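Structural overview
Single-letter residue listing:
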Amino acid sequence: MDGRVREWRPGWPCPVAAVLGVHRRGGGDPTYRVDGDRHWRGIRTPAGPATLAVEPRAADGVVRGEAWGPGADWVLESLPGLLGADDDVTGFDTGRHPLVAEAWRRYGHWRIGRSGLVMESLTPSILEQKVTGQEAFAGFRMLVHRYGERAPGPGRELKLWVQPDAATVRRVPSWEWLRMHVDPARSRTLVTAARVAESLERTVGLPGGEVERRLTSLPGIGVWTAAEVRQRVHGDADAVSFGDYHVAKDLGWAVAGRDFTDEEMADFLEPWRPHRGRVPVLLALAVGRRPRHGARMAPRTHLPAKVTRT
């Protein structure tokens, strides 16, 4: 089956893998596949499910997108924004710190993309609250395989999936969440969000502070989850994942040789407002992440202890 095709010429050397990779939830994400330079995604759009294949063609200076399914036109229309075309770097002062300046010199082509799809990012972000990545990614895979659908066109042969829609999430029984290793706190949060999914989708285009206010008004959603959504959905350059297990520690290790607390990270990033979210990513790209010498965090039970990441 032939798909619809769009060739887009970005105004900068767009690093497709680095920009799109934030939408991949673990190596076994059933909604994301990589085949050589081609990135495949199963996406639920307002027009219906779609399979999207994105391939950079550096020799021609273009990015080629091919899409199948009812949402094909929607994803192709959204392709530039997804790859960072709407990300305005005006006012980002790289001279405030030598490491940031070096990171920008090496990775200044990286941009923050925007998917425009709230539930697509909110669902896995809620599943990632308060648990290890291993447990979160496993729960996401089970949710997609049990309640999602195969992506259209060649997505079926690639075993590519599309997340379940909000109406389906609302109907998942409580015992099924437990079978997917999702504790009651996270399942309640996700079902609550699914009940108001239409209003959440309408936050696209609103200022970051207003998006955070509306998201965090829902029980179980805090600043960490809101920032994860603001980054991926809205392309918000000022969104910082405060409360993350690694972000502040990695940033502190990069700039000071020791772990930072969230408060120390906030102080360090303040001069870059409204581009605070760029700095941790650029430093991670340029410097890497701190060595993980300790034991891995153990997977949690369905009776979580008190933690702060929501």
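So, here's what we can say about the structure. (Residues numbered from 1 in each chain as written. Predicted model: local features only at pLDDT ≥ 70, side-chain atom pairs only at ≥ 80, totals over all residues. Heavy atoms only, no water.)

1. Quick look at unusual backbone geometry
A negative phi angle characterises most non-glycine residues, just as the trans form characterises most peptide bonds. What counts here: By the criteria applied, helices consist of DSSP H or I runs no shorter than four residues and strands consist of E runs no shorter than two, each listed in order from the N terminus. A simple rule labels every residue: compare its accessible area, found with a 1.4 Å probe on the protein chains alone, to the largest value its type can have, and call it buried under 20%, exposed over 50%, or partly exposed in between.
The peptide bond linking R273 to P274 adopts the cis configuration, its omega dihedral lying at 10°. The residue P274 is located in the loop between α13 (262-269) and α14 (278-287) in this model. Even without a glycine there, the phi angle at K159 is positive, about 60°. With respect to the helices and strands, the residue K159 is situated in the loop between β6 (149-150) and β7 (161-162). Relative accessible area serves as the criterion here: at 53%, K159 is assigned to the exposed category.

2. Some thoughts on the side chain of S241
Heads up, the condition is: For this analysis, a polar contact is any N or O atom pair within 3.5 Å, provided that within protein one partner can donate a hydrogen and the other can accept it, and provided that sequence-adjacent residues contribute only side-chain to side-chain pairs. Between two residues, a contact is recorded if the distance between any of their heavy atoms is within 4.5 Å.
Along the chain, the position of S241 falls in the loop between α11 (223-234) and α12 (247-256). Engagement of the side chain of S241 in a polar contact is seen with the side chain of E228, the distance being 2.5 Å. Once residues within four sequence positions are removed from consideration, S241 is found in contact with W224, A227, E228, Q231 and V247.

3. Observations concerning the nonpolar core
Quick note on the threshold: The set of buried Ala, Val, Leu, Ile, Met, Phe, Trp, Tyr and Cys residues whose side-chain atoms join them within 4.5 Å is what this entry labels a nonpolar core.
Within the largest apolar cluster, 29 residues are counted, with the highest numbers of intra-cluster contacts made by M119, L122, W177, M180, L190, L200 and L215. Elements with a contribution of two residues or more to this core: α4 (118-127), α5 (133-147), α6 (166-170), α8 (184-195), α9 (197-201), α10 (208-216) and α11. Here this core gets 5 residues from one element, more than from any other, and that element is α4. Each residue touching L190, except ones within four places of it in the same chain, is listed here: M119, T123, I126, L127, L143, V169 and W177.

4. Describing the environment of D238
Mapped onto the secondary structure, D238 falls in the loop between α11 and α12. The spatial distance from the C-alpha of D238 to the C-alpha of W272 is 8.5 Å, given a sequence separation of 34 residues. Those residues in contact with D238 that lie beyond four places of it in its chain are R230, R273, P274, H275, R276 and G277. A distance of 3.4 Å separates a polar atom in the side chain of D238 from the backbone nitrogen of H275.

5. Considerations on α13
Test applied: Note that the arc is defined by the directions from the helix axis to the C-beta atoms.
Those residues of α13 lying buried are M265, F268 and L269. One face of α13 carries all of its buried residues, which in axial projection span an arc of 90°. Turned more than 90 degrees from where α13 packs its buried face, E263 and D267 sit exposed. Structurally, α13 contributes buried residues whose contacts are with α12 and α14.

6. Digging into the environment of E77
Tracing the chain through its elements places E77 in helix α2 (residues 72-82). Spatially, the C-alpha atom of E77 lies 19 Å from that of T203, the residues being 126 residues apart in sequence.

7. Regarding the side chain of H39
Secondary-structure assignment places H39 in strand β3 (residues 38-45). In this structure, H39 is in contact with V16, A17, L20, Y32, R33, V34, L52, A53 and V54, ignoring residues within four places of it in sequence.

Any functional reading would require information that these geometric values do not contain.
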